[in-house]
Number of protein chains: 2
Amino acid sequence: MSVDAFAVLAEPTRRRILDRLRRSESSVGDLVDALGMSQPAVSKHLKVLREAGFVTCRTAAQQRIYRIDTRPLRAVDEWLGPYRRMWAAHLDALERHLDSQE
Amino acid sequence: MSVDAFAVLAEPTRRRILDRLRRSESSVGDLVDALGMSQPAVSKHLKVLREAGFVTCRTAAQQRIYRIDTRPLRAVDEWLGPYRRMWAAHLDALERHLDSQE
DNA sequence: CCGTCATATGCCTGTCAAGGAATACAAGCC
DNA sequence: GGCTTGTATTCCTTGACAGGCATATGACGG
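Reference entry: report on the structure contained in this document. (Residues numbered from 1 in each chain as written. Chains lettered and ligands numbered in written order. Predicted model: local features only at pLDDT ≥ 70, side-chain atom pairs only at ≥ 80, totals over all residues. Heavy atoms only, no water.)

1. Describing the sheet that holds strand β3 (residues 63-68) of chain A
Residues and elements named next belong to chain A. Strand order in this open sheet of three strands is β1-β3-β2, and the pairing throughout is antiparallel. The strands lining the two open edges of the sheet, one partner per strand, are β1 (26-27) and β2 (55-60). Two elements, β2 and β3, share six bridges in a ladder whose sense is antiparallel. What sits directly across from arginine 58, in β3, is isoleucine 65. (Pairing = 2+ DSSP bridges. Helix = DSSP H or I, 4+ residues; strand = E, 2+ residues; numbered from the N terminus.)

And the structure:
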């Protein structure tokens with residue numbers, strides 16, 4: 001959980017991993033196939049994701065099955081909160097404007 | 001708009017700039033004072049933010065006044081959408097569980 | 001135990017971004 | 001037109017990854 005969530009998400013490959021894990025949990029090998037990248041590279045990204053809390057893994061026989069944990073993403077969502085209020089306010093204003101125009 | 005939004009947000013200083021601009025638009029000098037960083041460093045971050053669409057600037061006399069544009073943040077918000085549905089689903093499930101327990 | 005499959009780790013190299021110092025540019029003022 | 005103020009740009013150095021290859025670790029089957 002040491003590294004900043006945004007820094008973790010800054011890497012496109014890691015977002016691809018998350019996008020894939022969103023659909024179903026996967027073994028490292030599955031991800032290697034899906035991403036077309038070397039196994040060490042994938043394992044390293046998984047390590048970063050794991051240490052930042054984005055994924056958890058369980059051992060199943062000789063494989064490690066990775067699975068999303070949404071908690072860090074919720075933190076990002078909360079960071080967005082105040083900004084979301086900004087554009088919500090603008091949309092409201094636009095709406096009022098359009099209403100007054102009709 | 002060339003650089004990836006997440007890469008832009010990965011830099012803590014840039015998030016600090018956005019957090020400050022969220023409260024009020026500011027000149028470069030204001031930001032330099034607020035961040036305690038060299039003026040060139042701030043200007044460079046502003047350039048990155050500008051090129052990625054996070055801020056716009058207008059010229060006022062000899063100053064440049066920077067202001068937030070929330071569009072790229074809305075894009076981030078949309079990227080979060082599917083994940084948000086994940087944890088929303090979990091919360092719903094938890095709620096149903098608690099309801100069934102009462 | 002030993003070989004094998006699945007994954008993790010170390011080492012190396014190349015790339016890229018951040019920050020400081022110096023400098024260039026641009027707009028106002030006298 | 002020089003001078004000052006505010007901001008952008010350039011050059012340089014340094015540090016942080018990302019990715020590949022080789023190798024270590026770990027779990028299973030015979």
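2. What about the packing of aromatic side chains?
According to the stated counting rule, one finds four aromatic pairs over all chains in the structure shown. A network of ring pairs unites the aromatic residues A:Phe6, A:Trp79 and A:Tyr83 as a single cluster. Positioned over the ring face of B:Tyr83 is A:Arg22, at 5.0 Å from the centre of the ring. (Phe/Tyr/Trp six-rings, centres within 6.5 Å; stacked < 30°, edge-to-face > 60°. Lys NZ or Arg CZ within 6 Å of the ring centre and 35° of its normal.)

3. Observations regarding the nonpolar core
The biggest cluster of nonpolar side chains holds 52 residues, and the ones touching the most others in it are A:Phe54 and B:Phe54. In contact with B:Phe54, other than residues within four places in its own chain, are B:Ala5, B:Val8, B:Leu9, B:Leu18, B:Leu49, B:Arg67, B:Ile68, B:Asp69, B:Pro72 and B:Leu73. (Core = buried A, V, L, I, M, F, W, Y, C linked by side-chain atoms within 4.5 Å. Buried < 20%, exposed > 50% of the residue type's maximum accessible area, 1.4 Å probe, protein only. Contact = heavy atoms within 4.5 Å.)

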